[in-house]
Amino acid sequence: MKLTRRRMLQASATALAAPLIARPAFASETLSVASIFDLSGGLEIYGQPIDACLDLAISEINAAGGLLGREVDVTKYDPQSSIQLYAQYATEAATAQQAAAVFGGITSASREAIRPLLSRYRTLYFYPPLYEGGVCDRNTFLTGSTPAQTIGVLLPYAVENLGKKVYVLAADYNYGTISAKWVREYTSQAGGEVIAEEYFPLEVTDFSATIQRIQAQKPDVIYTLLVGGNHMSFFRQWAAAGMAGQIPIISTSFGGGNEHIVLTSPESDGVYAAFGYFQEVDSPVNKAFVERYHGKFGPDAPYVTEHASATYNAVHHWANAVRAAGTVERAAVIEALESGIVFEGPGGPSVIDRATHHCATDVHIGRVKDHGFEILQTFASQQPADTAAVCDLVANPDETRQFEIE
């Protein structure tokens, strides 16, 4: 059931509406899960495609007979981009609802607000968005990409093809600050140099002074780890200053909020990005997925981001584990998830690493062109090595922390 209304990514888009489908007969009792994603409050540009892909996965599971002969029912909580509401709704999902699993969180701050709560209440937790890496918690499964998988392939590509001097722009919270450390690490490994770093609170909208400093420093490459409104403002001001196309820009966050669709082509064309998924991935599995997605939600449904496709993967990973375990009991499902089951996701095969609870995944480098991405190169089965180096849940199953690069 839905506790909120959803708004579309753009005012011109039509409401997401599922077609009528024939449903199999189920036992009267349903399997209850919860989702906690921002559908309003400023981060809905991320939440809308995530929500749609969660709906698609649940509908596919139910159309195929549900799980254990029962229909899967999802209760949706909209935290409205409020950390306080995240904590409140996670507690409600775990206690009053008794959800078998919770899928939720967009920002790292929201994840860290609810992860300890769900661990304390022994409620299985899935965090799908790409993030800065390092979480080590046996109760938590993280299906999005990590810096080793995205920054680790994008920076060598950039240093080889675009230049060695890198100027970093990052959001001033743990996603941006920790990811920037990985940018320094992988730039150095590739033989490049970070010549400057700047950090911006999410509410910052004036980048005029930064643009002047970039012009003075003359980097070969700009690496942006900005988020949401930061990205919109920077790219619009960058183009207005006549700088669009003058210095290559690379990112592992641009496109995650559909910035390449909202911005004009002159403002965004040519930006390089690396993700575990682009909607343009040319594979039979992805083409069929995109067809089902638009068949369910219509041609104006939001562009599918990595955050959204990794949510789709997370729901199916959970469902496959429930089938393998023959129960929704948490410990049994965790053991099934750790057994190496492969899910053929839209971006490529997704395999949960037992030691870290992150996923090995294909990674793609794309370049923006006319509100879409050209896929330039694909790296198969990239491992979440930055987390694996310090996290070992086989040896230390009671670990519940987030490791950080020094």
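Counting restarts for each chain: residues are numbered from 1 in the order of the written sequence. Owing to the predicted nature of the model, reporting of local features is limited to residues with pLDDT of at least 70; listing and counting of side-chain atom pairs is limited to 80 or more, with chain, interface and lining totals taken over all residues. Values reported for side chains reflect all heavy atoms of the structure, with hydrogen atoms and water molecules removed beforehand.

Caption draft 1: Seen up close, the pattern of salt bridges. We define a salt bridge as a side-chain nitrogen of Lys or Arg found within 4 Å of a carboxyl oxygen belonging to Asp or Glu. All told, the structure shown has 14 salt bridges when counted by the stated rule. With a shortest N-O distance of 3.0 Å, Glu-132 and Arg-111 are connected by a salt bridge. Note that Glu-132 is positioned in the loop between β4 (124-127) and β5 (135-137) and Arg-111 in helix α3 (residues 108-120), a separation of 21 residues in sequence. You'll find Glu-132 and Arg-111 in the same group, each marked buried. Arg-115 is the salt-bridge partner of Glu-112, the closest N and O atoms lying 2.7 Å from each other. Taken as a pair, Glu-112 and Arg-115 lie in helix α3 at a separation of 3 residues, close to a single helical turn. Each of Arg-111, Glu-112, Arg-115, Glu-132 and Asp-137 takes part in salt bridges that share partners, so that together they form one network. Under the DSSP-based scheme used, a helix requires at least four consecutive residues in state H or I and a strand at least two consecutive residues in state E, with every element numbered from the N terminus. Three exposure classes are used, based on accessible area relative to the maximum for each residue type with a 1.4 Å probe and protein chains only: buried under 20%, partly exposed in between, and exposed over 50%.

Caption draft 2: Quick peek at the nonpolar core. Residue types Ala, Val, Leu, Ile, Met, Phe, Trp, Tyr and Cys, when buried and joined through side-chain atoms within 4.5 Å, form a set referred to as a nonpolar core. Phe-103, Leu-124, Phe-126, Tyr-223, Phe-234, Trp-238 and Trp-318 are the most contacted members of the largest nonpolar core, which totals 122 residues. With 10 residues, the top contributor of residues to this core is helix α1 (residues 44-63). Filtering out sequence-adjacent residues up to four positions away, Leu-124 remains in contact with Ala-100, Ala-101, Val-102, Asn-139, Phe-141, Trp-318, Arg-330, Val-333, Ile-334 and Leu-337. We call two residues in contact when some of their heavy atoms are within 4.5 Å.

Caption draft 3: Region of the structure containing the environment of Asp-78. In this structure, Asp-78 sits in the loop between β2 (72-77) and α2 (83-94). For Asp-78, a relative accessible area of 4% translates into the label buried. Pairs of N or O atoms are called polar contacts if they sit within 3.5 Å, as long as, within protein, a hydrogen donor faces a hydrogen acceptor (for residues adjacent in sequence, only side-chain-to-side-chain pairs). In terms of polar contacts, Asp-78 uses its side chain to reach the backbone amide nitrogen of Leu-39, at 3.0 Å. A distance of 2.9 Å separates a polar side-chain atom of Asp-78 from the backbone nitrogen of Gln-80.

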